[in-house]
Amino acid sequence: MSMAVVGLLAGMALGFAGYFGGFGAFVLVAALGAIGFVAGRFLDGDLEPGYFFRTRNGDRYDRYDRRG
């Protein structure tokens, strides 16, 4: 399924939630959709938990090699 079709379905779901359930339902569907998207990326192997839970060790550019 192409990303355009996925976007179309997500937009339709948000539209129906907003129309029939009001703004609260719209926000709930959007939040659950975002959580589902991130969970799907984890399951596909595109994301790793370390991307979100990385510690900062002072300098903002720690990940770059300073020797070169």
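Look up a bit, the structure's there.
On a predicted model such as this, the values are computed, not experimentally measured, just so you know. (Residues numbered from 1 in each chain as written. Predicted model: local features only at pLDDT ≥ 70, side-chain atom pairs only at ≥ 80, totals over all residues. Heavy atoms only, no water.)

Quick look at helix 1 (residues 3-44)
- Under the 1.5 Å per step criterion, the end-to-end length of helix 1 is only 15 Å for 42 residues, more than 12% shorter than the ideal 62 Å.
- The sharpest bend along helix 1 comes to roughly 145 degrees, located at G21. (Helix = DSSP H or I, 4+ residues; strand = E, 2+ residues; numbered from the N terminus. Expected span 1.5 Å × (residues − 1). Bend = angle between axes of the 7 residues up to and from the residue.)

Details of the environment of D46
- Among the secondary structure elements, D46 is positioned in the segment after helix 1.
- Judged by relative accessible area, which is 42%, D46 ranks as partly exposed.
- Not counting residues within four places of it along the chain, the set of residues in contact with D46 comprises R41 and Y51. (Buried < 20%, exposed > 50% of the residue type's maximum accessible area, 1.4 Å probe, protein only. Contact = heavy atoms within 4.5 Å.)

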